[in-house]
Amino acid sequence: MRAWRAGLVPLDDVAEEITADEEHLVADAPGTWTDVPLGQGLPAFAKLHPDDIRLVLPVPGDPRGLPGPGPLTGAALLAGEAVITPEFGVVPEVRRHTSGSGVEFETVVWRILPAPEHRPVFQMGAAEAEAQLTAALAEATTRLTKLDVAQWKPELAGALQALRRPESTATLPPGFDPRSRRLFARAGVLDQVLALAETNAPGGAVNGYEAQQRDEALRPLTAACRQALVAACNSPLHA
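For every chain, the first residue of the written sequence is number 1, and numbering continues from 1 along that sequence. The predicted origin of the model limits local features to residues at a pLDDT of at least 70 and limits the giving and counting of side-chain atom pairs to 80 or more, whereas totals for whole chains, interfaces and linings rest on all residues. Values reported for side chains reflect all heavy atoms of the structure, with hydrogen atoms and water molecules removed beforehand.

J.: Any chance you could explain the environment of Arg-111 here in plain terms?
T.: By definition, any uninterrupted DSSP run of H or I lasting at least four residues is a helix, any uninterrupted run of E lasting at least two residues is a strand, and each is numbered from the N terminus. Here Arg-111 shows up in strand β6 (residues 104-114). Put simply, Arg-111 and Val-90 are 21 residues apart on the chain and 5.4 Å apart in space, counted from C-alpha to C-alpha. Among all residues touching Arg-111, those that are not within four sequence positions of it are Ala-27, Asp-28, Gly-89, Val-90, Val-91, Glu-93 and Arg-95. In the analysis that follows, any N or O atom pair within 3.5 Å is treated as a polar contact, provided that within protein one partner can donate a hydrogen and the other can accept it, and provided that, for residues neighboring in sequence, both atoms belong to side chains. Side-chain polar atoms of Arg-111 contact the side chain of Asp-28, separated by 2.8 Å. Contact definition: two residues touch when any of their heavy atoms are within 4.5 Å.

J.: Sorry, what's going on with the nonpolar core here?
T.: What tends to happen in soluble globular proteins is that the nonpolar side chains get buried as a cluster. Residues Leu-133, Leu-183, Leu-190, Leu-221 and Cys-225 are the most contacted members of the largest nonpolar core, which totals 30 residues. Put simply, the parts of the chain that give this core at least two residues each are α5 (126-146), α8 (178-197) and α9 (208-233). A total of eleven residues in this core trace back to one element, the largest contributor, which is α9. Side-chain atoms within 4.5 Å are what join buried Ala, Val, Leu, Ile, Met, Phe, Trp, Tyr and Cys residues into a set we call a nonpolar core. The classification of residues rests on relative accessible area computed with a 1.4 Å probe and restricted to protein chains. Under 20% of the type maximum is buried, over 50% is exposed, and intermediate values are partly exposed. If you look at the next biggest cluster of nonpolar residues, it comprises 19 residues, including Trp-4, Ala-29, Ile-53 and Trp-110.

J.: Looking at this structure, how should I read α5?
T.: A helix is expected to span 1.5 Å for every residue after the first. In a regular helix each residue adds 1.5 Å, so 21 residues correspond to 30 Å; α5 covers 30 Å between its end C-alpha atoms and thus fits that length. The complete set of buried residues in α5 reads Ala-126, Ala-129, Glu-130, Leu-133, Ala-136, Leu-137, Ala-140, Thr-141 and Leu-144. The buried residues of α5 occupy an angular sector of 135° when the element is viewed end-on, so they sit on one face. Backbone geometry just after α5 places Asp-148 at a positive phi near 60°. Directions are taken from the helix axis to each C-beta atom, and the arc is the one they span.

J.: Would you mind going over the packing of aromatic side chains with me for this structure?
T.: Geometrically, a pair of aromatic rings is defined through the distance of the ring centres and the angle of the planes. Two aromatic rings from Phe, Tyr or Trp, using only the six-membered ring of Trp, form a pair when their centres are within 6.5 Å; if the ring planes differ by under 30 degrees the pair is stacked, by over 60 it is edge-to-face, and anything between is tilted. A complete count under the given rule lists one aromatic pair for this structure. For the pair Phe-45 and Phe-88, a centre-to-centre distance of 5.2 Å together with 70° between the ring planes defines the contact as edge-to-face. With Phe-45 in the loop between α3 (38-41) and β3 (54-56) and Phe-88 in strand β5 (residues 88-98), this residue pair connects regions lying 43 residues apart in the sequence. Neither Phe-45 nor Phe-88 differs from the other in exposure class; each is buried. Positioned above the aromatic ring of Trp-4 is the side chain of Arg-5, whose terminal nitrogen or guanidinium carbon lies 5.2 Å from the ring centre. Criterion for a charge above a ring: Arg CZ or Lys NZ at most 6 Å from the ring centre, at most 35 degrees from the ring normal.

J.: What exactly am I supposed to notice about the pattern of salt bridges here?
T.: For side chains bearing opposite charge, pairing can occur when the charged atoms are close. Criterion for a salt bridge: a side-chain nitrogen of Lys or Arg within 4 Å of a carboxyl oxygen of Asp or Glu. For the structure shown, the criterion picks out nine salt bridges. For the salt bridge of Asp-62 with Arg-64, the shortest nitrogen-to-oxygen distance reads 2.8 Å. A salt bridge links Glu-93 to Arg-95; the nearest nitrogen and oxygen atoms lie 3.5 Å apart. The exposure class assigned to Glu-93 is partly exposed, which follows from its relative accessible area of 34%. Bridged by salt links that share partners, the residues Asp-35, Glu-93 and Arg-95 form one connected network.

J.: Please clarify how the side chain of Gln-227 should be interpreted in this entry.
T.: Counting through the fold element by element, Gln-227 comes out in helix α9. Classification of Gln-227 by relative accessible area gives buried; the value is 9%. Once residues within four sequence positions are removed from consideration, Gln-227 is found in contact with Asp-62, Arg-64, Met-124, Ala-129 and Gln-132.

J.: What's the story with the packing of α5 against α9 in this structure? I'm lost.
T.: Between two packed helices, the angle of one axis relative to the other and the distance separating the axes together describe the packing. Relative orientation of the contacting elements α5 and α9 amounts to 160°, with a least axis distance of 9 Å. By the criterion of interaxial angle, the relationship of α5 to α9 is roughly antiparallel. Viewed along their axes, α5 and α9 form a crossing whose handedness is left-handed. On the side of α5, the interface is formed by Ala-126, Ala-129, Gln-132, Leu-133, Ala-136, Leu-137, Ala-140, Arg-143 and Leu-144, while α9 contributes Arg-214, Glu-216, Ala-217, Leu-218, Pro-220, Leu-221, Ala-224, Cys-225, Gln-227, Ala-228 and Ala-231. By the convention adopted, Pro, Cys, Tyr, Trp, Phe, Met, Ile, Leu, Val and Ala count as nonpolar, Lys, Arg, Asp and Glu as charged, and the other residues, Gly among them, as polar. For the contact of α5 with α9, the residue count by class is 15 nonpolar, two polar and three charged. Axis lines are fitted through C-alpha atoms, for helices just across the contact stretch, and the angle between N-to-C directions can take any value from 0 to 180 degrees. Every angle not falling under 35 degrees, over 145, or within 65 to 115 is termed oblique; those three ranges are roughly parallel, roughly antiparallel and roughly perpendicular. Crossing handedness: left-handed means the near helix sits turned counterclockwise from the far one by under a right angle, and right-handed means the same turn made clockwise.

Written as structure tokens, this is what we have:
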């Protein structure tokens, strides 16, 4: 979205990149009276400067980047993500459907909610976020080694070790500097690893206490990962 507003990618590419093979709709877009395809809702951003479009990944207790209490903040906290501008915010909602033949499918609805005169607070830059992520990863790896996580979840231990090497195919659109691209790639892979960590080991290999210790070890790393993704996506663009 920001790369489009900076003139670095065409509008059609933005919609195609977001939707992939899913159905994406926009609700409550200006000048519409019903849900419209994503491509028809994106012009709501047409008058905004790239730096006025910001990703937020809020969680309960950490609403950074959101306006004060209200429908937008509540919806964003529930979804765990939103795009915020000085005029409005856009929050995704996944709707699940079942066809007449019993096939289940999903539709992502991006709802536009007002945020009049919102000014985002300062968020850390890519350099600080990268340093924080590196430190959190080292600490989490040390704690998980002491918990002998490799014994009951070897794929998690191996994935964390592999993350010390930042190679990844994940990327940002044109206009982002190498540091932001590296940070986004590394945090994107880490996000998948943390999703893996949320599942318990098979066969009861981990008990409740061990699961609690694992979660406590990974909590700072999860927060650092969120901030790294936000910092990478909101970093300044270069022509």
